[in-house]
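Descriptive analysis of the structure
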Protein chains: 2
Amino acid sequence: MMISPRPVDLTGAAHERVYRALRTQIMHGELPPGESLTLRGIGKQFEVSMTPAREAVRRLVAEGALTLSSSGRVSTPELSNDRIEELAALRALLEPELATRALPRAHLALIDRLEAINHGVSQMVARQDATGYIRMNLEFHRTLYLRAQAPAILAMAETVWLQLGPTMAALYARLNRTEPPHNHKLILAALKAGDDPGLRLAVRTDAIQGLRMLRN
Amino acid sequence: MMISPRPVDLTGAAHERVYRALRTQIMHGELPPGESLTLRGIGKQFEVSMTPAREAVRRLVAEGALTLSSSGRVSTPELSNDRIEELAALRALLEPELATRALPRAHLALIDRLEAINHGVSQMVARQDATGYIRMNLEFHRTLYLRAQAPAILAMAETVWLQLGPTMAALYARLNRTEPPHNHKLILAALKAGDDPGLRLAVRTDAIQGLRMLRN
DNA sequence: AGGGCCAATTCGTGATCACATTCGCGCCAT
DNA sequence: ATGGCGCGAATGTGATCACGAATTGGCCCT
């Protein structure tokens, strides 16, 4: 090829761009569990060589977003029930902590924004849009947790979401739910009331209910 | 070069070997905070080209074991006080959970092994060997947590240890402690007694005490 | 008709190279 | 003596190639 008309984007290294795009796809559940990817395929999709694709994939494997077969092939993970339970337990551990830390900093403007996002969540539920639902749901949680000023803990929580992404989409698509997000309303009520125990419980319940859908 | 007399190790890809070696060095605190690494330097050290070195580094950056400057340079992280507090909070969240899960599976042989490891910890304290102390301390915790049968949670805990590695070594080296690990004895006592609340408290205290040494 | 075997294709791995950027160090001017 | 400037060395990035292993699909044998 050797065209290279693209000198550099300072923050936009090619591998970074590929990484972000794949990460978003995986976290939003746009890839089904067990989907297999190839370095050359990724490279062609993003118009780069294998090298940046390899680095992006390596990063995602390190985060648990992709699985590496013994021969080096990569695919989205197919989670066992035990692993799903573990990841749900991690959400139940991390997210109440983030909520508690965010609570004293949650002023009215934040709650308004959360309610707007929550409205979007309801729309996605009504529209039966699994990927849209996941995206809005994550935005709801992330918007709240960003106020916790705890980037290391938030990064851990996002890693868990990432690992759950493909499986969550498959689960949500399988059982077409019509319920609006009840727990989100509880979260908002507890935020308004400044009720920390209630907030922790609501967040914990919301995080764990994804696990209930596993019982089949 | 083009020698390549080394066909393949099935599990021993070069980048894997480099990754494991660097990871161990970082987790054991053999690299001081702020140490800068170069891809060519790593490659020369392990007798590989830049490619496997790059992949290993990319993985470690994704795990938070190394930091990436804006120009792509990598170095061991220099943690802020806030970040150390966050990581200590993560240990305080994750490790009691792992201990609780390990408790019903902790039979006598395991406790014996933990006591042997703990003896090794005391030796390292007496010897003022910071790296050796960290290594033994981690082995103590990992040996216990392996019984929890919770690989995802354990992986998260190890990621936290990894991020704390260089800083821990610097802290331990700075204040030469002579105390034997009191909290480890409490952990062992709670294990023997089957005392879950006591075990959780002892583990939590042990995890957090690394934070106390930050107050300077 | 079904299953196992072989070959062609596909794929990951690692090496090497070109290139732009960045870092570091010494020199010169003030 | 000191501070800024510039040039050379060093570094990360991405492309490409060679190679061996693994996968896949078709063909033949039973």
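Chain A goes by HTH-type transcriptional regulator McbR in an unreviewed UniProt entry, where it is assigned to Flavimaricola marinus.

Another point: the domain arrangement of chain A. Residue and element names in this part refer to chain A. Considered domain by domain, chain A is made up of domain 1 (14-75) and domain 2 (81-212). Centre-to-centre, using C-alpha coordinates, domain 1 lies 26 Å away from domain 2. For the pair domain 1 and domain 2, the summed buried area comes to about 1100 Å², and 66% of that belongs to carbon and sulfur atoms. There are 1 salt bridge connecting domain 1 and domain 2. Between Glu 158 and Arg 23 there is a salt bridge whose closest N-O contact spans 3.5 Å. Classifying every residue of the side of domain 1 that touches domain 2 by side-chain character gives 6 nonpolar, 3 polar and 3 charged.

A separate point is the packing of helix H4 (residues 81-102) of chain A against helix H6 (residues 130-146) of chain A. Residue and element names in this part refer to chain A. At their nearest, the axes of H4 and H6 sit 8 Å apart, and the two run at 50 degrees to each other. Comparing the axis directions of H4 and H6 gives the class oblique. Between H4, through Arg 91, Glu 95, Leu 98, Ala 99 and Ala 102, and H6, the contact on the second element is made entirely by His 141, Leu 144 and Tyr 145.

Let us look at the packing of helix H5 (residues 108-127) of chain A against helix H8 (residues 182-193) of chain A. Residues and elements named next belong to chain A. With their axes 11 Å apart at the nearest point, H5 and H8 run at an angle of 170 degrees to one another. The pairing of H5 with H8 is recorded here as roughly antiparallel in orientation. Contact residues: H5 offers Ile 111, Leu 114, Glu 115 and Asn 118, while H8 offers His 184, Lys 185, Leu 188, Leu 191 and Lys 192. Grouping the constituent residues of the contact of H5 with H8 by class yields 4 nonpolar, 2 polar and 3 charged.

Attention now goes to the relation of the copies chain A and chain B. With an RMSD of 0.0 Å, chain A superimposes on chain B once it is rotated by 180 degrees and translated 0.0 Å along the axis. Both chain copies can therefore be described as sitting about a two-fold axis. When C-alpha positions in chain A are compared against the rotation axis, the closest is assigned to Arg59(A), at 2.7 Å. Both copies contact each other with a shared surface, as 100% of the interface residues of chain A are interface residues in chain B too.

Turning our eyes to something else, we now look at the interface of chain A and chain B. Facing 26 residues of chain A, the contacting portion of chain B comprises 26 residues. With both sides pooled, the region where chain A packs onto chain B buries about 2300 Å², and carbon together with sulfur makes up 68% of that total. Looking only at chain A, the three residues that lose the most surface to chain B are Arg58(A), Glu86(A) and Met156(A), adding up to 27% of its buried area. Across the contact surface, chain A and chain B share 4 salt bridges. Across the pair Glu55(A) and Arg54(B) runs a salt bridge whose closest N-O atoms are separated by 3.0 Å. Applying the counting rule to chain A against chain B returns 8 residue pairs in polar contact (both at pLDDT 80 or more). Put simply, the parts of the chain that give the side of chain A that touches chain B at least two residues each are helix H3 (50-62), H4 and helix H7 (151-174) of chain A. No other element matches the 9 residues that H4(A) contributes to the side of chain A that touches chain B. Split by residue class, the side of chain A that touches chain B holds 12 nonpolar, 5 polar and 9 charged.

The next point concerns the confidence of the model for chain A. For chain A, the mean per-residue pLDDT works out to 90, and 92% of the residues sit at or above 70. Taken together, the stretch residues 1-10 of chain A has pLDDT below 50 and engages in 2 contacts with residues farther than four places along the chain or on a different chain.

With that settled, consider the pattern of salt bridges. Pairing between side chains of opposite charge can happen when the charged atoms of each approach one another. With the rule as written, the count across this model stands at 18 salt bridges over all chains. The partner of Arg58(B) in a salt bridge is Glu55(A), with the nearest N and O atoms 2.5 Å apart. Linking Arg58(B) in helix H3 (residues 50-62) with Glu55(A) in helix H3, this pair reaches from one chain into another. For the pair shown, Arg58(B) and Glu55(A) are each scored as buried. One connected set of salt bridges, linked through shared partners, spans Glu16(A), Arg20(A) and Arg59(A).

All names here are of chain A. If you trace the 3 strands from one edge of the open sheet to the other, you get S1-S3-S2, paired in antiparallel fashion. Bordering the open sheet on either side are strand S1 (36-37) and strand S2 (67-68), each of which pairs with just one other strand. As paired elements, S1 and strand S3 (residues 74-75) share 2 bridges and run antiparallel to each other. Its bridge partner being in S3, Leu 37 is matched across the sheet by Val 74.

The next point concerns the UniProt feature "domain: HTH gntR-type" (unreviewed entry) in chain A. UniProt records the feature "domain: HTH gntR-type" (unreviewed entry) for residues 12-78 of chain A in the present numbering. Annotation note: span residues 12-78 of chain A, helix share 52%, strand share 9%, distance between end C-alpha atoms 31 Å.

Moving on, we come to the environment of Leu144(A). Its location among the elements puts Leu144(A) in helix H6. With near-sequence residues (within four places) excluded, Leu144(A) lies in contact with Ala102(A), Leu110(A), Leu114(A), Ile187(A) and Leu191(A).

Turning our attention to the sheet that holds strand S1 (residues 36-37) of chain B. Residues and elements named next belong to chain B. Strand order in the open sheet formed by 3 strands is S1-S3-S2, and the pairing between neighbours is antiparallel. Two strands close off the open sheet at either side, each with one partner strand: S1 and strand S2 (67-68). Pairing of S2 with strand S3 (residues 74-75) involves 2 bridges; the strand directions are antiparallel. Among the inter-strand pairings, Leu 68 is bridged to a residue of S3, identified as Val 74.

Applying the stated criterion to the full structure yields 2 aromatic pairs over all chains. The cationic tip of Arg59(A) hangs over the ring face of Tyr19(A); the distance from NZ or CZ to the ring centre is 3.6 Å.

Rules and cut-offs
- Residues numbered from 1 in each chain as written.
- Chains lettered and ligands numbered in written order.
- Predicted model: local features only at pLDDT ≥ 70, side-chain atom pairs only at ≥ 80, totals over all residues.
- Heavy atoms only, no water.
- Domains from an automatic or database assignment.
- Buried area = accessible area lost by both parts, 1.4 Å probe.
- Salt bridge = Lys/Arg side-chain N within 4 Å of Asp/Glu carboxyl O.
- Nonpolar A, V, L, I, M, F, W, Y, C, P; charged D, E, K, R; others polar.
- Axes fitted to C-alpha atoms, helices over the stretch in contact; angles between N-to-C directions.
- Helix = DSSP H or I, 4+ residues; strand = E, 2+ residues; numbered from the N terminus.
- Parallel < 35°, antiparallel > 145°, perpendicular 65-115°, else oblique.
- Contact = heavy atoms within 4.5 Å.
- Least-squares fit on C-alpha atoms with pLDDT ≥ 70 in both.
- Polar contact = N/O pair within 3.5 Å; in protein donor to acceptor, adjacent residues only side chain to side chain.
- pLDDT = per-residue confidence, 0-100.
- Buried < 20%, exposed > 50% of the residue type's maximum accessible area, 1.4 Å probe, protein only.
- Pairing = 2+ DSSP bridges.
- UniProt positions renumbered as here; feature names shortened; annotations may be inferred.
- Phe/Tyr/Trp six-rings, centres within 6.5 Å; stacked < 30°, edge-to-face > 60°.
- Lys NZ or Arg CZ within 6 Å of the ring centre and 35° of its normal.

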